[in-house]
Amino acid sequence: MMSRRMACRVTAVLLAVAAAVPVGTATAAPGPPPPAGGRALTGPASPATASPATTSPATAGRTTAGRTTVVCAAGRGPYQRQVERWLRLAVDGRQSAADCEAVRAFQARQGIKPANGYAGPVTWARMRLLSARTAPTDTGAEGATGDAAGPAAGAVPDPASGSAAGPASGAATGGASGPAAGIVASAGCPVRSYRVACVDLKRQLTWVQKGGKTLFGPVAMRSGGAGHRTRTGWFRIYWKHKNHWSSLYNAPMPYAQFFSGGQAFHAVSGSIHTTGGSMGCVNLRLADARKLWSVLKTRDHVYVWGRRPGS
């Protein structure tokens, strides 16, 4: 008897609940679309419809007829005038739409990523490198180094005569490691009958020449920054250490070739196109440092001139 009463009560409760639920709730039709120019108040887009950010800090996207066009948004780059001059554009130091398209086209041809039209250090370094490949000693549109240039390139005293020799096989550091007093680095790399490793601080390029022939490079490099300038003048390679480890900076210096105290050619990881510069050494990409290692020999001459921009 009791079980029959309980069953009747449960059935009554279930019928009451069913009657309270509106018919068709589970299959309700979606609401009307949002008005034009507005947005539906339905919370954030789902992962399936959200659009990921695809533009770099220097660019912005603009969609027209389903196609996204990259437009410049970062304004002028630190090498805006130099890049404009190299591309034979109107040199005004401002980033116009035409400037952006010309720079982007150059970056795309050279494989520079992102190709966003920004006149930054990587783009400008590539332009300098291309200009120097045909005639490393010709500074071209960049003209003089801006330093107190001293004698003409051909008149630089020959270290073989002893008048402007760099350090003896290695030991000297500091002021004693440079050329003799009164001898200043010239505005170009002297042509000699022997191998000379040329280090152009202004253009941040290095190469090796012998007579009128280029044996290596030119390649991009990174020299000493403010407070750690790479010393200028005539030097000689006095020590080569393929797997050198710097005890001073606790860092690797692959393919190190020392020419002035603790300053050397050597490879680094990462980009060499930084604003800060090195601690005095001539930093190279690994592939370039490896090749330079095979070109230079102990006692070969090194000639450093100019001044790194910003140092």
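The text that follows walks through the structure, step by step, so that each part is easy to find. Worth saying up front: this structure is predicted, and the values here are computed from it rather than measured.

Quick notes on the rules
Residues numbered from 1 in each chain as written. Predicted model: local features only at pLDDT ≥ 70, side-chain atom pairs only at ≥ 80, totals over all residues. Heavy atoms only, no water. Helix = DSSP H or I, 4+ residues; strand = E, 2+ residues; numbered from the N terminus. Contact = heavy atoms within 4.5 Å. Areas by Shrake-Rupley, 256 points an atom, 1.4 Å probe, with all protein chains shown as cover. Pairing = 2+ DSSP bridges. Axes fitted to C-alpha atoms, helices over the stretch in contact; angles between N-to-C directions. Buried < 20%, exposed > 50% of the residue type's maximum accessible area, 1.4 Å probe, protein only. Arc of directions from axis to C-beta. Phe/Tyr/Trp six-rings, centres within 6.5 Å; stacked < 30°, edge-to-face > 60°. Patch = residues over 30% accessible without salt bridge, like charges linked within 9 Å, V, L, I, M, F, W, Y side chains within 5 Å. Salt bridge = Lys/Arg side-chain N within 4 Å of Asp/Glu carboxyl O. Disulfide = S-S within 2.5 Å. Polar contact = N/O pair within 3.5 Å; in protein donor to acceptor, adjacent residues only side chain to side chain.

1. Overview of the overall build of the chain
Counting its regular elements, the chain contains five helices and 11 strands. Contacts in the chain between residues at least 24 apart in sequence constitute 57% of all its contacts with a sequence separation of at least 6. Carbon and sulfur atoms provide 58% of the accessible area of the chain, an area that totals close to 17,500 Å².

2. Quick notes on the sheet that holds strand 10 (residues 282-284)
Taken in spatial order, the four strands make up an open sheet running 7-8-9-10, and their pairing is mixed. Two strands lie at the open edges of the sheet, namely strand 7 (239-246) and strand 10, each paired on one side alone. Ignoring strand direction, the axes of neighbouring strands in this sheet form an average angle of 30°. Pairing analysis gives three bridges linking strand 8 (residues 251-260) to strand 9 (residues 263-267), with the strands arranged antiparallel. When the bridges of strand 9 are listed, Q257 appears paired with F265. In the packing of helix 5 (residues 286-295) onto the sheet, contacts are made with strand 7, strand 8, strand 9 and strand 10, and the angle to strand 8 comes to roughly 45°.

3. Describing helix 5
Among the residues of helix 5, D288, A289, L292, W293 and V295 are the ones counted as buried. On an axial view of helix 5, the arc spanned by its buried residues comes to 160°, and they lie on one face.

4. Describing the sheet that holds strand 5 (residues 213-220)
Strand order across the open sheet formed by five strands is 5-4-3-11-6, with mixed pairing between neighbours. Here the strands that pair on one side only, and so sit at the sheet edges, are strand 5 and strand 6 (233-236). Averaged over all adjacent pairs, the angle separating strand axes in this sheet is 20°, with direction ignored. Looking at chain direction, strand 3 (residues 195-200) and strand 4 (residues 205-210) are connected through six bridges and run antiparallel. Paired with R195 across the bridge in strand 4 is K210. Set on the sheet, helix 5 makes contact with strand 3, strand 4 and strand 5; between it and strand 5 the angle comes to about 155°.

5. Some words on the packing of aromatic side chains
For the structure shown, the criterion picks out 10 aromatic pairs. Between W207 and W305 the ring centres are 5.9 Å apart and the planes differ by 85°, which places this aromatic pair in the edge-to-face class. On the criterion of sequence distance, the pair formed by W207 in strand 4 and W305 in strand 11 (residues 301-305) is long-range, its members being 98 residues apart. Taken individually, W207 and W305 each receive the classification buried, so the pair is uniform in this respect.

6. Concerning a nonpolar patch on the surface
Taken together, L248, Y249 and M279 make up a surface patch of nonpolar side chains, about 350 Å² in accessible area. Residue M279 is classed as partly exposed on the basis of its relative accessible area, which comes to 43%.

7. Considerations on the state of the cysteines
A complete count under the given rule lists one disulfide for this structure. The side chain of C189 participates in a disulfide bridge whose partner is C198; the two sulfur atoms lie 2.0 Å from each other. Because the sign of the S-S torsion sets the handedness, a value of about -75° for the bond joining C189 and C198 places this disulfide among the left-handed ones.

8. Comments concerning the side chain of Q257
Mapping Q257 onto the fold places it in strand 8. We classify Q257 as buried; its relative accessible area is 0%. At 3.5 Å, the side chain of Q257 and the backbone oxygen of L292 are in polar contact. Apart from the residues lying within four places of it in its own chain, the contact partners of Q257 are I237, W239, K240, A264, F265, L292, W293 and L296.

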